[in-house]
Amino acid sequence: MAPKPKEKTKPSPAPSQPPPPIEDLFASLNKHIQRSEFQQAVKVADQVLSIAPGDEDAIRCKVVALIKDDNMNEALSTINQKPSVDFSFFKAYCLYRQNKLDEALDSLKNLERNSTTMLLESQILYRCGKMDACMDIYQKLQKSKIDSLEINYVAGLVAAGRGSEVQGVMDALRVKATSSFELAFNTACSLIERNKYADAEQLLLSARRIGQETLMEENIPDDEIEIELAPIAVQLAYVKQLLGYTQEATQAYTDVIKRDLADESSLAVAVNNLIAVKGPKDVSDGLRKFDRLKEKETQNFQLARALDLKLAPNQKEAIYANRILLLLHANKMDQARELVPALPEMFPNSVMPVLLQAAVLVKENKAGKAEEILGQFAEKFPEKSRVVLLARAQVAAAASHQHVAAESLAKIPDIQHMPATVATLVSLKERAGDIDGAAAVLDTAIKWWSNSMTEDNKLSVIMQEAASFMLRHGREKDAAQLFEELVKSHGSVEALVGLVTTVARVDVSKAEAYQQKLKPLPRLKGVDVDSLEKTSGAKHVEGASHDTVTEAHEEGKSKTKVKKKRKRKPKYPKGFDPANPGPPPDPERWLPKRERSSYRPKRKDKRAAQVRGSQGAVVREKHEAGPAGASSSTTNSKSNQATSSKGASNASAEQSKPSKSSRKKSRN
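Remember, it's a predicted structure, so these values are computed and weren't measured experimentally. (Residues numbered from 1 in each chain as written. Predicted model: local features only at pLDDT ≥ 70, side-chain atom pairs only at ≥ 80, totals over all residues. Heavy atoms only, no water.)

**Q** Looking at this structure, I do not really get the nonpolar core. What am I missing?
**A** Considering soluble globular proteins, one finds that nonpolar side chains tend to be buried as a cluster. Core analysis: the biggest nonpolar cluster contains 71 residues, and I67, I124, Y138, L141, L204 and I232 have the highest contact counts within it. Element by element, the count of residues in this core is highest for helix α11 (residues 181–193), at eight residues. In contact with Y138, not counting residues within four places along its chain, are L119, S122, L149, N152 and Y153. With 37 residues, the next largest nonpolar core counts Y253, A270, F301 and A321 among its residues. (Core = buried A, V, L, I, M, F, W, Y, C linked by side-chain atoms within 4.5 Å. Buried < 20%, exposed > 50% of the residue type's maximum accessible area, 1.4 Å probe, protein only. Helix = DSSP H or I, 4+ residues; strand = E, 2+ residues; numbered from the N terminus. Contact = heavy atoms within 4.5 Å.)

**Q** How do you make sense of the state of the cysteines when you look at a structure like this?
**A** What is meant by a disulfide is a covalent connection between two cysteines, made through their sulfur atoms. In this structure the tally under the stated criterion is zero disulfides. The thiol of C134 is not disulfide-bonded; the next cysteine sulfur, from C128, is found 10.0 Å away. Looking at C134, the relative accessible area reads 0%, which means it is buried. (Disulfide = S-S within 2.5 Å.)

**Q** Would you explain the side chain of S107 in this entry?
**A** Examined against the element boundaries, S107 turns out to sit in helix α6 (residues 101–108). Those residues in contact with S107 that lie beyond four places of it in its chain are S88, K91 and A92.

**Q** Can you help me understand the pattern of salt bridges in this one?
**A** Side chains carrying opposite charge are able to pair once their charged atoms draw close together. Using the criterion set out here, one finds 25 salt bridges in the structure. A salt bridge links K411 to E407; the nearest nitrogen and oxygen atoms lie 3.3 Å apart. We note a salt bridge from R475 to D436, for which the minimum N-O separation is 2.7 Å. One end of the pair, R475, is in the loop between α28 (459–472) and α29 (476–490); the other, D436, is in helix α27 (residues 435–451), with 39 residues separating them in the sequence. Residues joined in a network through salt bridges with shared partners are K278, D285, R288 and K289. (Salt bridge = Lys/Arg side-chain N within 4 Å of Asp/Glu carboxyl O.)

**Q** Teacher, can you tell me more about empty space enclosed by the protein here?
**A** Summary: where empty space remains is shown by rolling a probe the size of a single water molecule over the atoms. In total, this model carries one cavity of 30 Å³ or more according to the counting rule given. Approximately 60 Å³ is the volume found for the largest cavity. Around the largest cavity, the lining residues are L274, I275, K278, G279, D282, D285, G286, K289 and L326. Going through the elements one at a time, α16 (264–278) and α17 (283–291) are the ones with two or more residues in the lining of the largest cavity. Considered class by class, the residues forming the lining of the largest cavity number three nonpolar, two polar and four charged. (1 Å grid on protein atoms, 1.4 Å probe; cavity = no way out; pocket = protein on both sides within 12 Å on 5 of 7 lines; lining within 4 Å. Points joined across faces, edges and corners; volume = space filled by probe spheres on them. Nonpolar A, V, L, I, M, F, W, Y, C, P; charged D, E, K, R; others polar.)

**Q** It is not clear to me how the packing of aromatic side chains should be interpreted in this structure. Could you clarify?
**A** The relative placement of two aromatic rings is captured by the distance of their centres and the angle of their planes. Within this structure, the stated rule accounts for nine aromatic pairs. Between the aromatic rings of F89 and F90, the centroid separation amounts to 6.0 Å while the plane-to-plane angle is 75°, which identifies the pairing as edge-to-face. By relative accessible area, which is 26% here, F89 ends up partly exposed. Given the relative accessible area of 18%, F90 is considered buried. In textbook terms, an aromatic cluster arises when at least three aromatic residues are bridged by ring pairs, as seen for F290, F301, Y320 and F347. (Phe/Tyr/Trp six-rings, centres within 6.5 Å; stacked < 30°, edge-to-face > 60°.)

**Q** How should the environment of A262 be read in this particular structure?
**A** Along the chain, A262 turns up in the loop between α15 (246–259) and α16. A C-alpha to C-alpha distance of 7.8 Å links A262 and P231, two positions 31 residues apart in sequence. When near neighbours in sequence (up to four residues on either side) are disregarded, A262 contacts I227, A230, V256 and L267.

**Q** Please clarify how the packing of α16 against α17 should be interpreted in this entry.
**A** When two helices pack together, their arrangement is captured by the angle between the axes and the distance separating the axes. Two numbers describe how α16 lies on α17: the axes approach to 10 Å, and their chain directions differ by 170°. Classified by the angle their axes make, α16 and α17 are roughly antiparallel. Along the contact surface, α16 presents V271, N272, L274, I275 and K278, while α17 presents D285, G286, K289 and F290. Taken together, the residues that form the contact of α16 with α17 break down as four nonpolar, two polar and three charged. (Axes fitted to C-alpha atoms, helices over the stretch in contact; angles between N-to-C directions. Parallel < 35°, antiparallel > 145°, perpendicular 65-115°, else oblique.)

**Q** What am I meant to see in helix α4 (residues 72–81) here?
**A** In an α-helix, one full turn covers 3.6 residues, which means residues spaced three or four apart are oriented alike. Taken as a whole, α4 has its buried residues at M72, A75, L76, T78 and I79. When α4 is viewed along its axis, its buried side chains cluster within an angular range of 160° and face the same direction. In this structure, α4 carries N73 and Q81 as exposed residues pointing more than 90 degrees from its buried face. (Arc of directions from axis to C-beta.)

**Q** Got a minute to help me understand the environment of D24 in this structure?
**A** If you trace the backbone, D24 turns up in helix α1 (residues 22–34). Placed 24 residues apart in sequence, D24 and V48 show a C-alpha to C-alpha distance of 9.9 Å.

In structure tokens, the structure reads:
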């Protein structure tokens, strides 16, 4: 019987070390925060909370460290675990960073409105696109001593489309555009909005220089400096594009993308602008570049989350719109159909989603459906209907739906009197056969311009075109009345000529009376009207004035007559008698023989193709004959030669793989 093993003695537990004093932990916590070691700060804060679970300062330090470490989910979890402590401001900031903007605004409602909370509220409103409310807060914060307030203020004015107010705000704040590279960049954007592209370019160059000097003084690495200044490089390329230097802009965008030393938003803008410059030239390359901006885990196109948080709504809308347009050019209709329905929810205040939906339908040859959805949108949102109705008119005109196109244009009241609109409406109604409707459009435009007090009055242009329209459709009396009004009000020579030619068909005496008002042409004396009507008309000489042509004509008369060239007798071939030319030559003499009507193809000898016996029997007999085969008849040799020449193309293929019969013969 085996002896029982001795039981091992358990080691005695080590005495637990007492936790360090809270003062030392807070000192360590402060040291980690000063060194930006936020993960270590979170660990030390947890140690403090393990000793004193309700310590508000430790919780606050942990939340701030998590926010600094970009760990918003953990920060919100920590805040929610301690409902007894009011962390509404930090909660609002975390929700803002997570792009939960409505929840962030709700979290700020119960807080005291001081400069800190108002500044965060303005940033949330800026991200929401509520620029007017954002600008109201910045206006109230002008008297507050907040660092870099002018940078955000100018950025908000530019985003709100109020770039003309930037200089006044900077004067009120007593700052110069070149005080920082961020302010110089934002001010340059306001100049771009005001179409001052050359001034914007110079200010952007100054911003880049100031930024390089400032960041180099802070001992920041070159790569990080380039990333920090990437927005300026992209905006400089955009100014080049606006100035018409397309090649330089394309090269600048390409450099930013290839070097890949830019923040996510600048890279996205560079990709979008490069594709916009190229257009549909290289669709596949453009789609590949857009794929760099999408979320990797999703199959459908969706912007990466980090990029979606940083881009402005109009920038995101431009990227999605260009993506769909490229898909349409590439005929990838399935992907376009999947992407379009998601846009109305993403951009509820924009007309771009319905325009893109109509574009997809037009690409699918469903113009009627496109007209229907555009019309429904215009009725539902009348304040946004102008662009939509113009698009509907274009789609209908391209589909030869003249009535729908004219109806769409007629629903835009503020452009009815414009010459381009009038001309388009008249043309559409003419094509539809509605002559009375076209005349009514012209009458309405004439009445509007008659009562208009604008400097650039288009009444004479409209009346001239209306008179031409009346003449085209046989309404001489109406045309004469319009011409007469033009002559009386504007004294137009063209109208006077039109009046004379028009009235001459109705009232000759009245035409002669108005004809007396026409000034005689200079140096035109003794014109014989009858002989002039018999001529085919004078030829137009470009670059020559009337006086030059008249002088040349008079000088031509004084010159002597040009000597006539002596006609030479034609040379005939040798032996040819022109009196007896003989039969005419064959008209098909220059055609190839096979194309002539007399050509008859040769008949094939059917007997040559007849081969009896097994396949290859003739060829085998020829090889087996040896020398005796030379005495075979000429007829057989010719037939064998014809057969072998016919099967030449097949023989080469058969030699590489001999038949079974040839292998059996080799064994014998």
